[in-house]
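# Summary of structural features
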Amino acid sequence: MTVTLLPAAHEPCQAFATVIAVTSMEADAPSSAEISKAFAEGRADSLAQAYQRWSNLVFTLALRALGNRADAEDVTQQVFVSAWRGRANFDPDSGQLGAWLTGITRHRIADRMTARSRELRNSEAAARLAEQRPTTVLDDLTIDRVLIADELEQIDDPRRTILKLAFYEDRTHPQIAEQLDLPLGTVKSHIRRGLLHLRDRLKEVTGDETSR
Amino acid sequence: MTRHLDDDVLAQWALEDDGPDGPGTDHLQSCPQCAATLAELKLVLANARSKPRLDSPPPELWTKISDELSLDPGQSDVAPSAPVTGPDEPVARRSPARRFGGRALAAAAAFAAVAGAGAGVGGTVLLGDDEPAAIVQAAIKLEPLEGKTGAGTADLLQAAAGGQLKVSASGLSAVQGFYEVWMINTDGKRMVSLGVLNPGSGGTFQIPGEILAQGYRIVDVSLEPDDGNPVHSRNSIIRGILPS
């Protein structure tokens, strides 16, 4: 490709400045896929990006399972530390980092539950429980709900606002249209598309049922 | 050859009580794939309507993680910069550095350099009968940009749930698209969307994390086409800057 420099005839400086501005700014906007790739490559800032993107998800899953903030914080720390140290085991081609972190979270929660039951060895029933590592400590319904809340936050406006009004605040479609000053058809379309998007993202993160 | 039902149609049936029409019911009875998709969508909808909530770990957890990893031999090169925001947010939100425009930002930075007028300090305002009082930390006017019409106000509130921005507007005509409230960084490079603004009734928006301290002080209301593109349209209508 050849670039020819022309004499400044029609405000070329302004156009040039716009291009530079857009380029430099878009470089600062990692998507989930970009974070996953950078993480697999071990790029230094990718752990911070992964933490920013998924720490609420990991922490909320741990909190729901363990019912205790201190334990949930410990598990969250373990998940990100072990994920970073074991990043060589993460294959971005087989799924996104969010799914992988969710899997690690489930294992760390199971470990914590096992440790808890060991601490209760004075009871025979608890001892039996300790030997038997729990296979599912978080039910799939809870995981799905937390994942949906997490994915919903990632959706761009106006769709996110519309979905939150519809799902969280039980507004009718006409009420949302009035509140946001949008055509009713637009509101309905966003809700349909949003529902399909959430379904797609959920499938991507949870994978097929056999991996659960 | 079997034609499957359109996803959009299945989503509509999942959302509306009416359900499928006659031919639709026939197809669903004979097509396990479409029936399964409809069931999936209904399940996602039920889960979303259960109002799932996200919790956030405390801000110091990130420090603990980076400390633990930097103690690890061979990992000493890992010193991730602290997230722009996120861990310290009361409720999970998008990262503020995710949406960017071009010229609008350069204009915003230039605006930030000369603006600052119109800032004042208020007292206490009651949001509603049952809601606790929020402290008004600053109240500014939003002025129309060159060639635009409209006006507005933005009040910076300190509520129990964190910083909030109460935005009102007048003279914004109902046209195609929607109005969106942004907080733009005075560096002219970063911005965060607060949400959709109804120009008639205004709105109160949660300010994510500590972004104000990071320089996101320019309050901007843009007119956005409903084109699915989350980037700022560069069509800013009214704007003001919060005092530092």
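Residues numbered from 1 in each chain as written. Chains lettered and ligands numbered in written order. Predicted model: local features only at pLDDT ≥ 70, side-chain atom pairs only at ≥ 80, totals over all residues. Heavy atoms only, no water.

Now for the overall build of chain B. Across its full length, chain B carries five helices and nine strands. Starting at the N terminus and walking to the C terminus, you meet the elements of chain B as α-α-α-α-α-β-β-β-β-β-β-β-β-β. Going through the 244 residues of chain B one by one, you find that 46% of them count as buried. When contacts within chain B are restricted to residue pairs at least 6 apart in sequence, those whose partners lie at least 24 apart make up 59%. (Helix = DSSP H or I, 4+ residues; strand = E, 2+ residues; numbered from the N terminus. Buried < 20%, exposed > 50% of the residue type's maximum accessible area, 1.4 Å probe, protein only. Contact = heavy atoms within 4.5 Å.)

Moving on, we get to the overall build of chain A. Along chain A, the regular secondary structure elements total 10 helices and zero strands. Within chain A, the proportion of its 212 residues that are buried is 47%. Considering only contacts in chain A between residues 6 or more positions apart, those separated by 24 or more positions represent 59%. Entry remark: accessible area of chain A is about 10800 Å², with carbon and sulfur atoms responsible for 52%. (Areas by Shrake-Rupley, 256 points an atom, 1.4 Å probe, with all protein chains shown as cover.)

Owing to its 3.6 residues per turn, the α-helix aligns residues three or four sequence positions apart on the same side. Residues and elements named next belong to chain A. Taking 1.5 Å per residue, 21 residues should reach 30 Å; helix α3 (residues 46–66) reaches 28 Å between its end C-alpha atoms and fits that length. Of all the bends found along α3, the most pronounced is centred on Trp 54 and spans about 55°. Buried residues dominate α3, accounting for 19 of its 21 residues. A positive backbone phi angle near 65° is found at Gly 67, which sits one or two residues after α3. (Expected span 1.5 Å × (residues − 1). Bend = angle between axes of the 7 residues up to and from the residue.)

Looking now at the packing of aromatic side chains. Residues and elements named next belong to chain A. The tally for this structure, following the rule as stated, stands at six aromatic pairs over all chains. Taken together, a centroid distance of 6.3 Å and an interplanar angle of 80° make the contact between Phe 39 and Phe 90 edge-to-face. Residue Phe 39 is found in helix α2 (residues 32–40), and its partner Phe 90 is found in the loop between α4 (69–85) and α5 (97–118); the two are separated by 51 residues along the sequence. For Phe 90, a relative accessible area of 6% gives the class buried. Both rings, one in Phe 39 and one in Trp 100, keep their centres 6.4 Å apart while their planes meet at 65°; by these two values the pair is edge-to-face. On the criterion of sequence distance, the pair formed by Phe 39 in helix α2 and Trp 100 in helix α5 is long-range, its members being 61 residues apart. (Phe/Tyr/Trp six-rings, centres within 6.5 Å; stacked < 30°, edge-to-face > 60°.)

Our focus in this paragraph is the pattern of salt bridges. Applying the stated criterion across every chain yields a total of 25 salt bridges over all chains. For A:Arg85, the salt bridge goes to B:Glu68, with nearest N and O atoms at 3.9 Å. Within this pair, whereas A:Arg85 is found in helix α4, its partner B:Glu68 is found in helix α4 (residues 60–70), the two belonging to separate chains. Taking the relative accessible area as the measure of exposure, A:Arg85 reaches 41% and is therefore partly exposed. The class for B:Glu68 is partly exposed, based on a relative accessible area of 29%. Taken together, the shared-partner salt bridges connect A:Arg53, A:Asp150, A:Glu151, A:Arg201 and A:Glu204 into one network. (Salt bridge = Lys/Arg side-chain N within 4 Å of Asp/Glu carboxyl O.)

Quick look at unusual backbone geometry now. In this structure, the amide linkage connecting A:Asp157 to the following residue, A:Pro158, adopts the cis form with an omega of 10°. Tracing the chain through its elements places A:Pro158 in the loop between α7 (140–154) and α8 (159–167). At B:Lys51, a residue that is not glycine, the phi angle is positive and equals roughly 55°. Mapping B:Lys51 onto the fold places it in the loop between α3 (32–49) and α4.

A word on the pairing of strand β6 (residues 191–197) of chain B. Residue and element names in this part refer to chain B. Counting buried residues in β6 gives seven out of seven residues, a clear majority hidden from the surface. Strand direction decides the pairing type here: strand β5 (residues 178–185) and β6, joined by six bridges, are antiparallel. Bridge pairing in β6 links Glu 180 to Val 196. A loop of five residues connects β5 with β6, the two strands running antiparallel in sequence, and Gly 188 in this loop sits at a positive phi of about 75°. (Pairing = 2+ DSSP bridges.)

By the element assignment, B:Asp7 lies in helix α1 (residues 7–15). Using a relative accessible area of 33% as the deciding quantity, one classes B:Asp7 as partly exposed. Sequence separation of B:Asp7 and B:Leu38 is 31 residues, and the distance between their C-alpha atoms is 8.7 Å. Sequence-distant contacts of B:Asp7, defined by excluding residues within four places in its chain, comprise A:Leu196, A:Arg199 and B:Thr37. A polar side-chain atom of B:Asp7 sits 3.4 Å from a polar atom in the side chain of A:Arg199. (Polar contact = N/O pair within 3.5 Å; in protein donor to acceptor, adjacent residues only side chain to side chain.)

Attention now moves to the packing of α3(A) against α7(A). Residues and elements named next belong to chain A. Where α3 contacts α7, the two axes come as close as 10 Å, and the packing angle between them is 155°. With respect to α7, the axis of α3 lies roughly antiparallel. Crossing of α3 against α7: the hand is right-handed. Within the contact between the two elements, α3 uses Arg 53, Trp 54, Leu 57, Thr 60, Leu 61 and Arg 64 and α7 uses Thr 142, Ile 143, Val 146, Leu 147, Asp 150, Glu 151 and Gln 154. The class makeup of the residues in the contact of α3 with α7 is six nonpolar, three polar and four charged. (Axes fitted to C-alpha atoms, helices over the stretch in contact; angles between N-to-C directions. Parallel < 35°, antiparallel > 145°, perpendicular 65-115°, else oblique. Left-handed = near helix turned anticlockwise from the far one by under 90°. Nonpolar A, V, L, I, M, F, W, Y, C, P; charged D, E, K, R; others polar.)

Residue and element names in this part refer to chain B. For β5, a buried count of eight out of eight residues is recorded, marking the element as mostly surrounded by other parts of the structure. With burial as the criterion, each face of β5 is covered, one bearing Phe 178, Glu 180, Trp 182 and Ile 184 and the other bearing Tyr 179, Val 181, Met 183 and Asn 185. Direction of pairing for β5 relative to strand β8 (residues 216–224): antiparallel, over a ladder of eight bridges. Within β8, the residue paired with Trp 182 across the bridge is Asp 220.

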